[in-house]
Amino acid sequence: MAYFSNVKKINFEGAQSKNPFAFKFYNPEETFQGKTMEEYLRFGVAYWHTFTMDGSDPFGAGTMSRQWDRYTGMDLAKARVDASFEFYDLLGVPYFCFHDLDIAPEGSNLKETNQNLDQIVGMIKDYMKDSKTKLLWNTSNMFTHPRFVHGAATSSNADIFAYSAAKVKKSMEIGKELGAENYVFWGGREGYETLLNTDMKLEMDNLGRFLHMAVDYAKQIDFDAQFLIEPKPKEPTTHQYDFDVATGYAFLQSYNLHDYFKFNIEANHATLAGHTFEHELRYARINGLLGSVDANQGDPLLGWDTDEFPTDLYSTTLAMYEIIKNGGLGKGGLNFDAKVRRGSFEPEDLFHAHIAGMDSFAVGFKVAQKLIEDKVFEDIIDNRYGSYTEGIGLDIVNGNTDFKKLEDYALGLNEIKHQSGRLESIKSVLNQYLLQAYAER
Ligand code: XLS
Ligand code: CA
Ligand code: CA
């Protein structure tokens, strides 16, 4: 049956279009550096937000009743798969992502849960034969069920460590079966509420052991997905171990895991950590760790993980600047880890939301290309750091100096001259680029 019978295939119509069911800026066929926009941006739909959420929040019941919600149990799981592939086709999106629990319900024990998963995975595999939509990544939900009350790989209970290992093992097998290009580890409850009852060292050592076992198992089964850590500073725990990219990188280095992982960077998690989205992308990029992106945005007035669809062009532009500078996302992509607002409860809103997100990143992509082509930031930065290209600066950069020589040099300085950082001027140039990107076309 058709779940979205009111909606026709979403096409690119251009910036002048007034059709709410058309792309205004995302033209999948337009090329850049020999790749189409579709191949470069690699958009993904998040299964959980799009097919399992009902709009409930801590203060109120669900507002969204989807057509598939008339089913329950495995019938519901199957109906969601039908709906999801219809949705991907209409949107023309190249990727999707899921947690094990999003696609199939838990059984009364692990064995039954795995059997449920096998059935649904078989069904998804069949759909994928005729669909262009591929699996960007999958992951394991180790935070919803009460058994994960004290965490998963960092639980105080060794039985839960074992249970979590079994779950990730199964999810990796599913990833292999469905050709997942990445596998995500988001430490949903891998953190703590209070140190008063926490052995931090043991918990972190255990997390390191757990991830090594995952790396080993991937080798054993020949699962070649890129492994990704998704940092988040807090929520649900007060203090999550993978706080941000820098903390995650230190963890990976301490446990000798840095050769096997990159990062899945979520915009809303960056802002929760007190960083900008582009800070996290930059930190990952300059360390060769930028793997994939969860494309969303938070609400600065609320300050929690609101997972909104990305519509802030300033942010998408600065994000795409980092991604282009990275040479693209490789095996990663732009997964919309985003949900429609509680008030946007109609099925059509799911399309409007994805169109808005895809168009916003397409704008960011084009503006960032132009900024890079014109070397806007590069020229500013080259000029600002010019003192390191000659004289004492060049000696510092080349390692040809020491404290004694630097002291001699400093003693000889009469006057130190600075130049302006020109922030206001730079921001106004950025605005010009944002506004002109389409005015010129
Ligand atoms: C939650 C996370 C989660 C991960 C995957 O805040 O964003 O959805 O992306 O487990
Ligand atoms: Ca996420
Ligand atoms: Ca999130």
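Below you will find a few notes about this structure. (Residues numbered from 1 in each chain as written. Chains lettered and ligands numbered in written order. Predicted model: local features only at pLDDT ≥ 70, side-chain atom pairs only at ≥ 80, totals over all residues. Heavy atoms only, no water.)

### Considerations on the pairing of strand β13 (residues 290–294)
Counting buried residues along β13, five of its five residues qualify, which places the element largely inside the surrounding structure. The pairing of strand β12 (residues 261–266) with β13 spans four bridges and is parallel. Along β13, the bridge assignment pairs glutamate 266 with aspartate 294. In the sheet, β13 pairs with strand β14 (residues 334–336) via two bridges, with the strands oriented parallel. (Buried < 20%, exposed > 50% of the residue type's maximum accessible area, 1.4 Å probe, protein only. Helix = DSSP H or I, 4+ residues; strand = E, 2+ residues; numbered from the N terminus. Pairing = 2+ DSSP bridges.)

### Regarding the coordination of the calcium ion (ligand 2)
Looking at the calcium ion (ligand 2), one finds its protein donor set to be Glu230 (OE), Glu230 (OE), Glu266 (OE), Asp294 (OD) and Asp337 (OD), positioned 2.2 to 3.2 Å from the metal centre. The distance between the calcium ion (ligand 2) and the calcium ion (ligand 3) is 4.2 Å, with glutamate 266 acting as a donor to both metals. Separated by 71 residues along the polypeptide, glutamate 266 in strand β12 and aspartate 337 in the loop between β14 and α12 (347–373) bring together distant segments of the chain. Residue glutamate 266 is classed as buried on the basis of its relative accessible area of 1%. By relative accessible area, aspartate 337 is classed as buried at 6%. (Donors = N, O, S within 2.8 Å, 3.2 Å for Na, K, Ca; no water.)

### Describing the coordination of the calcium ion (ligand 3)
Coordination sphere of the calcium ion (ligand 3), protein contribution only: Glu266 (OE), Glu266 (OE), His269 (NE2), Asp305 (OD), Asp305 (OD) and Asp307 (OD), at 2.4 to 3.0 Å. The sequence pattern describing where the donors of the calcium ion (ligand 3) fall on their chain is E-x2-H-x35-D-x1-D. Overall, the relative accessible area of 4% leaves histidine 269 in the buried class.

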